Amino acid sequence: MSEPSELSTLRADWDARYRAAPLDAPVPAAVLRDYAHLLPAQGQALDLACGRGGNALFMAQQGLQVDAWDFSPVVIAQLQYVVRERHLDITPAVRDVLAHPPAALGYDVITVSYFLERALAPALIAALRPGGMLFYQTFGPVRINEHGPRNPAYRLEAGELLRMFAALSPRLYREEGRLDDSQQGLRGEVMFIGERPAIR
Ligand SMILES: C[S@@+](CC[C@H](N)C(=O)[O-])C[C@H]1O[C@@H](n2cnc3c(N)ncnc32)[C@H](O)[C@@H]1O
């Protein structure tokens with residue numbers, strides 16, 4: 001069966017971007033890098049819509065076994081090359097995460113950065129094991145500079161991650177809006193870390 005044309009166009013756009021962009025070393029999202037002390041020492045992790053895999057590489061360096069999924073075959077081939085060269089514990093896969101979200105109770109850690117698909121929230125919560133952690137960072141409601149989408153539908157609303165992941169215990173939430181010196185701090189973006197409560 002052929003893909004809906006909107007999806008194949010979107011995927012072709014991402015493929016073209018990844019073919020054209022320089023192969024710079026990917027970096028993890030700040031929510032993961034700055035709060036790495038909240039990661040478990042071992043376990044199964046997922047970098048969802050991983051792109052070049054900055055989060056996956058970082059989580060593997062922290063001792064986690066990582067799945068890295070993206071629907072762009074171009075970027076997954078790029079990541080596979082890095083994984084093979086460096087003998088890392090990362091399993092990259094081409095996967096449309098909307099059609100094939102993660103299975104329930106599959107992960108100790110899930111990281112999502114700069115990818116906002118609201119409909120996936122229940123599946124992400126269900127995919128965490130008890131005590132599992134979600135690290136999320138993406139563009140917020142206040143567009144302070146040229147970064148990120150212009151269309152507000154692709155940006156979070158104020159407090160939205162807290163509502164979206166209300167089933168998780170919040171361990172960190174940062175949304176600084178336009179308060180005071182907007183050149184400092186985390187501007188235009190939002191961070192959330194949530195923990196799935198243990199099942200009693
Ligand atoms: C803005 S990039 C972010 C990549 C990475 N998370 C990062 O922080 O650099 C968004 C990514 O989502 C991927 N993507 C978009 N829709 C997807 C889908 N339905 N399933 C899997 N990946 C998707 C794109 O290929 C792209 O790599």
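Treat the numbers as computed from the prediction; the structure is a model and nothing was measured.

## Here's the deal with the overall build of the protein
When its secondary structure is counted, the protein shows six helices and seven strands. Beginning at the N terminus, the succession of helices and strands in the protein can be written as α-α-β-α-β-α-β-β-α-β-α-β-β. In terms of overall size, the protein behaves like a compact globule, its C-alpha atoms giving a radius of gyration of 17 Å where 200 residues would be expected to give roughly 16 Å. In terms of overall dimensions, the protein has C-alpha extents of about 45 × 45 × 35 Å along its principal axes. Residue burial in the protein is summarised as follows: out of 200 residues, 47% are buried. Residue pairs in contact within the protein that sit at least 24 positions apart in sequence constitute 61% of those at least 6 positions apart.

## Describing the site of the ligand
Residues in close proximity to the ligand total 15 residues, the closest being Y18, A49, D70, D96 and S113. One of the side-chain N or O atoms of Y18 is found 2.6 Å from an oxygen atom in the ligand. Contact between the ligand and D70: an oxygen atom at 2.6 Å from a side-chain N or O atom of the residue. Looking at the shell around the ligand residue by residue, the classes come out as nine nonpolar, three polar and three charged.

## A closer look at the packing of helix α1 (residues 5-20) against helix α4 (residues 73-86)
For the pair α1 and α4, interaxial distance at closest approach is 7 Å and the crossing angle is 40°. Classified by the angle their axes make, α1 and α4 are oblique. Touching R11, D15, Y18 and R19 of α1 are P73, V74, V75 and Q78, all from α4.

## Quick notes on the nonpolar core
With 31 residues, the main nonpolar core has L39, V66, I90 and F135 as its most contacted residues. Elements with a contribution of two residues or more to this core: α2 (30-33), α3 (54-61), β2 (65-70), α4, β5 (128-139) and β7 (189-195). Filtering out sequence-adjacent residues up to four positions away, I90 remains in contact with A56, L57, A60, V66, A68 and V83. A127, L156, V190 and F192 belong to the second-largest nonpolar core, a separate cluster that totals 24 residues.

## Observations concerning the side chain of D96
By the element assignment, D96 lies in the loop between β3 (90-94) and β4 (107-113). The side chain of D96 sits in the buried core without any salt bridge; R11 is the nearest counter-charge, 5.3 Å away. Within the structure, the side chain of D96 is placed 3.0 Å from the backbone nitrogen of L98, a separation counted as a polar contact. If sequence neighbours within four positions are ignored, D96 has contacts with L7 and F71.

## Focus: unusual backbone geometry
Its identity is not glycine, yet L105 carries a phi of approximately 60°, on the positive side. Among the secondary structure elements, L105 is positioned in the loop between β3 and β4. A relative accessible area of 42% places L105 in the partly exposed class. A positive phi angle is found at Y114, which is not glycine, with a value near 55°.

## A closer look at the packing of aromatic side chains
For any pair of aromatic rings, geometry is given as the distance between the ring centres together with the angle between the planes. Overall, the coordinates contain five aromatic pairs when judged by the stated rule. Judged by centre distance (5.1 Å) and plane angle (45°), the rings of Y114 and F139 are tilted. Residue Y114 is found in the loop between β4 and α5 (121-127), and its partner F139 is found in strand β5; the two are separated by 25 residues along the sequence. Assessed through its relative accessible area of 15%, F139 is described here as buried. Centroid distance F165 to F192: 5.8 Å. Interplanar angle 20°. Geometry classified as stacked. On the criterion of sequence distance, the pair formed by F165 in the loop between α6 (160-164) and β6 (169-174) and F192 in strand β7 is long-range, its members being 27 residues apart. Assessed through its relative accessible area of 1%, F165 is described here as buried. Given a relative accessible area of 0%, F192 falls into the buried group. Clustering of aromatic rings is evident, with ring pairs tying together Y136, F165 and F192. When the ring centre of W69 is taken as reference, the NZ or CZ atom of R95 above it lies at 3.7 Å.

Conventions and cut-offs
- Residues numbered from 1 in each chain as written.
- Predicted model: local features only at pLDDT ≥ 70, side-chain atom pairs only at ≥ 80, totals over all residues.
- Heavy atoms only, no water.
- Helix = DSSP H or I, 4+ residues; strand = E, 2+ residues; numbered from the N terminus.
- Rg over C-alpha atoms; globule rule 2.2 N^0.38 Å.
- Buried < 20%, exposed > 50% of the residue type's maximum accessible area, 1.4 Å probe, protein only.
- Contact = heavy atoms within 4.5 Å.
- Near = heavy atom within 4 Å.
- Polar contact = N/O pair within 3.5 Å; in protein donor to acceptor, adjacent residues only side chain to side chain.
- Nonpolar A, V, L, I, M, F, W, Y, C, P; charged D, E, K, R; others polar.
- Axes fitted to C-alpha atoms, helices over the stretch in contact; angles between N-to-C directions.
- Parallel < 35°, antiparallel > 145°, perpendicular 65-115°, else oblique.
- Core = buried A, V, L, I, M, F, W, Y, C linked by side-chain atoms within 4.5 Å.
- Lys, Arg positive; Asp, Glu negative; His and termini not counted.
- Salt bridge = Lys/Arg side-chain N within 4 Å of Asp/Glu carboxyl O.
- Phe/Tyr/Trp six-rings, centres within 6.5 Å; stacked < 30°, edge-to-face > 60°.
- Lys NZ or Arg CZ within 6 Å of the ring centre and 35° of its normal.

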